[in-house]
Amino acid sequence: MQSSSFIIVGSGMAGLVAAWRLLERGHKVLVLEQADRAGGYFGGFTNAAGDRFDLAVSHLLGGLPGDNLSTLISSLGLDDQVSFEAVDIADVMTIKGRRVELPTGFDRLEQSLGEQFPDSGPDIHIFFQFMRAFLGEGNGDSREKGRFMMRNYRREFEAFCAETIVDPVLRSALAMRIQCDDSSLMIMAGFITECYAKGMVYPKGGVHKLIDAIVERIRQVGGTVEFGAKVTDFIILDARVDSVVLADGSVRTADVILYNGDAPTLSRTLEARGHPGIDDECRRRGHSSLSIFLTLLDADLSRFAGVARFYLTETDDVFETYRVLETGVLPENPVIKLHFMSRIDDGLSVDGRDLIRVEVDMYHDSAVHDEDFYADYARQIETIIAHDLVPEIDTHVVYRRVVTPIDYERWFGHTGGSATGWAHDVNNYMIHRMNQRTSIENLFITGQWGEHGSGLPQLIASADKSVTLAEQWLRKRAAA
Ligand SMILES: Cc1cc2nc3c(=O)[nH]c(=O)nc-3n(C[C@H](O)[C@H](O)[C@H](O)COP(=O)(O)OP(=O)(O)OC[C@H]3O[C@@H](n4cnc5c(N)ncnc54)[C@H](O)[C@@H]3O)c2cc1C
């Protein structure tokens, strides 16, 4: 196809993947990033002592030969530069003081749960029978089936789980991975397939290393990535974007725009220009994450498995966390996720130091909650962790940084959260996918806003779809 010029607004993972795909196809690409570094939520930071933290991501789905992540890495020519550590035990959960391990691999998971919950043998058997029959063994089309289930069989699946798994701790352990509320038990199916059956990986050197390598490749093949370049408006002529306007008043022109930023903001910008918005049918509630980054000096954390992610809660009703979307009130018993980064990759910190990232899903209401509120909440979370899992936190912390939803909003323009790619309808929690097309012919959405779920496979899929839509439009324009 004839070469065209593209502007990508935002250098999140999806924006970068789209940039690479377009360069591969011979197009001219300019990535405009408002921040001073690339990656969005896939970025990281280094503290004064040289400890390297990932901002959000702890594990990536995929990385197996032939899947879209490994294919992407190969197409970038990064096989020698980027390597992945496979995750063995995916999750360790402490629910009401009871420890539950969830290893990867369907067979291992089923067997392990059978051993940990001997009284629930028949329940586990029925559950896995169902999962195998419906989702397959984690093979290629299981993701499609999972999505189909999400959209169509939500309630049936929820009822099935409620009826099938009698032990509340087992049910909570299996449900802990879901990112929504109790009516979303169906997501468990997708997560079980993706996380436990197929497995997860972590990029050696930290997620930001992956991002840096992609940016370098983009530049090597002639793409441009500009930092400190915030797009604030569009000049639209005859239902087509002619140019984007930057915060400094300068203007950049291209044939096609791929938008990787906050879709509701884009929607409002279009409406202000008299064009239809994007997400009319659903209402978004702020679902975000509070993160605490800690460096512990001379603490013995060898009891924590190398690459597992730890979940901690004092309730066997994990859905309480997700009801915050409805009530706006923080849960009494939050689900706390701990990621021991230097257990995965000791290259991230200097000797004798352990890095912990604590993540708590939460409701975010910028009208009600301020920095002090979050700081206080972070302290409460640390107290729970110190009491129940890592007493060393009390005495061994040498670095502490709390990142609040307000920070996320400041950095990326939206509050993020693992479920950001979905628009929550507050009445029934049905989840809508946004159309990646907009009312403007040559303006397309790329990234988490366009796909169910927000893991890397979905981001790659979303980037690919936006590229396909853009090329279809270019062909239509050429034929006209
Ligand atoms: C706490 C947390 C934990 C997570 N854990 C995982 C995990 O373990 N594994 C996983 O796969 N996923 C995880 N996710 C989800 C994943 O991080 C996101 O889905 C993904 O990073 C989103 O990528 P994106 O490209 O769509 O957008 P973003 O990362 O949001 O990037 C958008 C970019 O656009 C820029 N931008 C926005 N507006 C403008 C503008 N007007 N002009 C210029 N630039 C602009 C922003 O600065 C940003 O760099 C997690 C998310 C969170 C919040």
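What counts and what doesn't
- Residues numbered from 1 in each chain as written.
- Predicted model: local features only at pLDDT ≥ 70, side-chain atom pairs only at ≥ 80, totals over all residues.
- Heavy atoms only, no water.
- Helix = DSSP H or I, 4+ residues; strand = E, 2+ residues; numbered from the N terminus.
- Buried < 20%, exposed > 50% of the residue type's maximum accessible area, 1.4 Å probe, protein only.
- Areas by Shrake-Rupley, 256 points an atom, 1.4 Å probe, with all protein chains shown as cover.
- Contact = heavy atoms within 4.5 Å.
- Pairing = 2+ DSSP bridges.
- Expected span 1.5 Å × (residues − 1).
- Phe/Tyr/Trp six-rings, centres within 6.5 Å; stacked < 30°, edge-to-face > 60°.
- Lys NZ or Arg CZ within 6 Å of the ring centre and 35° of its normal.
- Right-handed = clockwise from strand over helix to strand, strands pointing away.
- pLDDT = per-residue confidence, 0-100.
- Polar contact = N/O pair within 3.5 Å; in protein donor to acceptor, adjacent residues only side chain to side chain.
- Core = buried A, V, L, I, M, F, W, Y, C linked by side-chain atoms within 4.5 Å.
- Patch = residues over 30% accessible without salt bridge, like charges linked within 9 Å, V, L, I, M, F, W, Y side chains within 5 Å.
- Salt bridge = Lys/Arg side-chain N within 4 Å of Asp/Glu carboxyl O.

## Structural notes on the overall build of the protein chain
And step 1. Scanning the protein chain for helices and strands turns up 17 helices and 22 strands.
And step 2. Of all 480 residues assigned to the protein chain, the portion counted as buried reaches 59%.
And step 3. Carbon and sulfur atoms make up 48% of the accessible area of the protein chain, which totals about 18,500 Å².

## Re the environment of Pro276
And step 1. Mapped onto the fold, Pro276 is located in the loop between helix H10 (263-272) and strand S15 (287-297).
And step 2. For Pro276 and Thr438, which are 162 residues apart along the polypeptide, the C-alpha to C-alpha distance reads 8.2 Å.
And step 3. If we ignore the near neighbours within four places in the chain, the residues touching Pro276 are Leu270, Glu271 and Ser439.

## Overview of the pairing of strand S11 (residues 231-237)
And step 1. The sheet contact formed by S11 and strand S12 (residues 240-246) spans 6 bridges and is antiparallel. Along S12, the bridge assignment pairs Val231 with Leu246.
And step 2. Joining the antiparallel neighbours S11 and S12 is a turn of 2 residues, in which Asp238 adopts a positive phi near 50°.

## Side note on helix H1 (residues 13-24)
Every α-helical turn comprises 3.6 residues, leaving residues that sit three or four positions apart pointing alike.
And step 1. Spanning 12 residues, H1 covers 17 Å between terminal C-alpha atoms, matching the ideal 16 Å at 1.5 Å per step.
And step 2. With 11 of 12 residues buried, H1 is to be regarded as a mostly interior element.
And step 3. Within the span of H1, buried status applies to Met13, Ala14, Gly15, Leu16, Val17, Ala18, Ala19, Trp20, Arg21, Leu22 and Leu23.
And step 4. Looking one or two residues past H1, Gly26 carries a phi angle of roughly 90°, positive in sign.

## Here's the deal with the packing of aromatic side chains
And step 1. For the structure on display, the rule yields 16 aromatic pairs.
And step 2. Here the aromatic rings of Phe373 and Tyr374 are separated by 5.4 Å at their centres, their planes lie at 75°, and the arrangement is edge-to-face.
And step 3. Owing to a relative accessible area of 28%, Phe373 belongs among the partly exposed residues under this scheme.
And step 4. One aromatic cluster is present, formed by Tyr41, Tyr408, Trp411 and Phe412 through successive ring pairs.
And step 5. The ring of Trp411 has Arg37 sitting right over it, with the charged end atom 5.9 Å from the ring centre.
And step 6. Between Arg401 and the ring centre of Phe45, over which it is positioned, the NZ or CZ distance is 4.4 Å.

## Re the pairing of strand S1 (residues 5-9)
And step 1. Counted residue by residue, S1 has 5 buried out of 5 residues, so it is predominantly covered.
And step 2. Both faces of S1 are covered, namely the face carrying Ser5, Ile7 and Val9 and the face carrying Phe6 and Ile8.
And step 3. The pairing of S1 with strand S2 (residues 28-32) spans 5 bridges and is parallel. From the neighbouring strand, Val9 faces S2, where its bridge partner is Leu32.
And step 4. At this point the chain moves from S1, through H1, to the parallel S2, and the crossover so formed is right-handed.
And step 5. Pairing between S1 and strand S14 (residues 256-259): 4 bridges, direction parallel. Across the sheet, the residue bridging to Ile8 is Leu258, located in S14.

## Re the confidence of the model for the protein chain
And step 1. On average, residues of the protein chain score 84 in pLDDT, and 81% of them reach the 70 mark or higher.
And step 2. Here residues 178-186 is modelled with pLDDT under 50, and outside its nearest four sequence neighbours on either side it reaches 41 contacts, counting other chains as well.
And step 3. Under a pLDDT of 50 for its full length, residues 426-430 has, in the predicted model, 19 contacts with residues more than four places off or in other chains.

## With respect to unusual backbone geometry
And step 1. Positive phi is not limited to glycine here, since Ala239 has a value of about 60°.
And step 2. Inspection of the secondary structure assignment puts Ala239 in the loop between S11 and S12.
And step 3. Note on Ala239: relative accessible area 31%, which makes it partly exposed.
And step 4. Even without a glycine there, the phi angle at Asp298 is positive, about 55°.
And step 5. Positionally, Asp298 belongs in the loop between S15 and strand S16 (309-313).
And step 6. Residue class for Asp298 comes out exposed when judged on its relative accessible area of 58%.

## Observations regarding the side chain of Ser58
And step 1. Relative to the helices and strands, Ser58 resides in the loop between strand S4 (52-54) and strand S5 (60-61).
And step 2. Classification of Ser58 as buried rests on a relative accessible area of 3%.
And step 3. Among the polar contacts made by the side chain of Ser58, one reaches the side chain of Arg309 at a distance of 2.5 Å.

## A few points about the sheet that holds strand S9 (residues 200-203)
Within a sheet, neighbouring strands are paired by backbone hydrogen bonds and run either parallel or antiparallel to one another.
And step 1. Spatial ordering of the open sheet is given by S5-S9-S6, a layout of 3 strands whose pairing is antiparallel. Edge positions in the sheet fall to S5 and strand S6 (84-86), since each of these pairs with one other strand and no more.
And step 2. Where S5 and S9 come together, 2 bridges link them in antiparallel fashion. Each bridged residue has a counterpart across the sheet, and for Leu60 the counterpart in S9 is Val201.

## Some thoughts on helix H14 (residues 371-388)
And step 1. Taking 1.5 Å per residue, 18 residues should reach 26 Å; H14 reaches 26 Å between its end C-alpha atoms and fits that length.
And step 2. Taken as a whole, H14 has its buried residues at Tyr374, Tyr377, Ala378, Ile381, Glu382, Ile385 and Ala386.

## Comments concerning the nonpolar core
Nonpolar side chains in soluble globular proteins tend to end up buried together.
And step 1. Counting 86 residues, the largest nonpolar core has Met13, Phe42, Met93, Leu113 and Leu258 as its most contacted members.
And step 2. In this view, Leu258 contacts Phe6, Ile7, Ile8, Val9, Ala18, Leu22, Phe444, Thr446, Ser466, Val467 and Ala470; residues no more than four positions away in its chain are not counted.
And step 3. By size, the runner-up hydrophobic cluster in this structure holds 29 residues, among which are Leu301, Ile336, Ile356 and Val358.

## Describing a nonpolar patch on the surface
And step 1. Together, Ile235, Leu237 and Val251 make up an exposed nonpolar region whose accessible area comes to about 230 Å².
And step 2. With respect to the element layout, Leu237 can be found in strand S11.

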